[in-house]
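Listed here are the chains, written in short residue letters.
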Amino acid sequence: MTRSSAPGKVYLFGEHAVVYGEPAVPCAIERRARVGVEPRDDATLRVHSDDLSLDGFTVEYAGSTDGKPDIDVAESLVDAAMGYVDEAIAQVREVTGEPDAGFEVTIESDIPLGAGLGSSAAVVVAAIDAATRALGVELSTAELAERAYQTELAVQDGQASRADTFCSATGGAVRVEGSDCRAIDAPDLPLVIGFDGGAGDTGALVAGVRQLRDEYSFAADTVASIGDIVRQGETALADGDVAELGRLMDFNHGLLSALGVSGRSLDSMVWAAREAGALGAKLTGAGGGGCIVALDPTPETETALRYLPGCEDVFPAELADEGVRQLE
Ligand SMILES: Nc1ncnc2c1ncn2[C@@H]1O[C@H](COP(=O)(O)OP(=O)(O)O)[C@@H](O)[C@H]1O
Ligand SMILES: C[C@@](O)(CCOP(=O)(O)O)CC(=O)O
Ligand SMILES: [Mg+2]
């Protein structure tokens, strides 16, 4: 068995706008997906994941060559659930020049699915790393990040940024603008994450923003303004100005909300954090439902979220310096 792990992330700034070439700053967090891979002697892909459940059913499926799993849920849900690992393995077959490689893939993850903490990127990065190594191919971190990006691009119908996958592959805080991806210095930030227990469909949310942006010039301006916030945020990060970072996170949330990707429970967690004295709070990732990230050096936000109806989990986010990690 070859195993790798990779971290999830939060966005300090810039999700969605990054898809259109604006900069974004995600930070890797110490919540990881671990993917174990065993090559098979046929071309079948079998995926085992206790965390992947659809309408309460845990799914065990055979991908690609075996067709769809035999379960009673909408096909779009199944496609969304299977897409990332299927496509990751397609990338592995291509990069290793082994189109008929088959695998048993076992996934364990601390990252809630579809909640904006980049579970897809972590699973994809760890799966590509483990499966290529299982075939005797060592990818550089840059090649791994590129293959993981191609995976998300394919699953999200040609609309994805390099932000999640680069951040998960390298760890740390990063800045991504188009194909320019780099590590940046970030002070130790007092990040608190609130999770409403829900999820959003990244592909659908990205498509919704694209539609608004195509239809209304003010939506396009909103996306460009998120880019301005990110640039200001970079200065605040470099200056270690945490109060300014908080104000900019608040503004970034407002603009994401205007683009239609927040929701009642995300907004309620954001307001609970602000009322508890957080320096700033915003949704993270694609939105719809899932997680917010707040900046608070005191325990107040954590306490407020813990008692907020509709907040299922709350935890401090420790920055992960290490990206992909070879386990065996
Ligand atoms: N533990 C897991 N096991 C199997 N697939 C997973 C796991 N975690 C994430 N995934 C894949 O990633 C998808 C969620 O990714 P996405 O919608 O981008 O949300 P996010 O990246 O914010 O968590 C799932 O539908 C599934 O395809
Ligand atoms: C909305 C987006 O900017 C981030 C999506 O993050 P997540 O999959 O929700 O963790 C899409 C992307 O960058 O590919
Ligand atoms: Mg994702």
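Every value quoted in this text rests on a predicted model; they were computed, and no experiment measured them.

(A) How the structure looks around the UniProt feature "binding site: ATP" (unreviewed entry) in the protein. Here the UniProt-annotated "binding site: ATP" (unreviewed entry) positions come out as Pro-112, Leu-113, Gly-114, Ala-115, Gly-116, Leu-117, Gly-118, Ser-119, Ser-120, Ala-121 and Ala-122. Along the chain, the position of Ser-119 falls in helix 2 (residues 119-134). Dropping the residues within four chain positions of it, Ser-119 is found in contact with Ile-111, Pro-112, Leu-113 and Gly-114. On the accessibility criterion, Ala-122 (0% relative accessible area) is buried. Those residues in contact with Ala-122, other than ones at most four positions away along the chain, are Ala-6, Pro-7, Gly-8, Ala-33, Ile-111 and Ser-168.

(B) Quick peek at unusual backbone geometry. One non-glycine residue, His-16, lies in the positive phi region at around 65°. Locating His-16 in the fold gives a position in the loop between strand 1 (2-13) and strand 2 (25-40). You can call His-16 buried: its relative accessible area is 5%. Although it is not a glycine, Asp-157 sits at a positive phi angle of roughly 50°. Within the secondary structure, Asp-157 sits in the loop between helix 3 (141-155) and helix 4 (163-170). Under the relative-accessibility criterion, Asp-157 is labelled exposed at 66%.

About the criteria used
Sequence order sets the numbering: in each chain, residues are counted from 1 along the sequence as written. Each chain gets a letter, beginning with A, and each ligand a number, beginning with 1, in the order they are written. The model is predicted, so local features are restricted to residues of pLDDT at least 70 and side-chain atom pairs to those at 80 or more, both for listing and for counting; the totals for chains, interfaces and linings are taken over all residues. Calculated side-chain values reflect all of the structure's heavy atoms, with hydrogen atoms and water omitted. UniProt positions are given in the numbering used here, feature names are shortened, and annotations may be inferred rather than shown by experiment. A run of H or I in DSSP becomes a helix once it reaches four residues, and a run of E becomes a strand once it reaches two; helices and strands are each numbered from the N terminus. Two residues qualify as a contact provided that any one of their heavy atoms is within 4.5 Å of a heavy atom in the partner residue. Note on exposure labels: buried denotes an accessible area under 20% of the residue type's maximum, exposed denotes more than 50%, and partly exposed covers the range between, all computed with a 1.4 Å probe on protein chains only.

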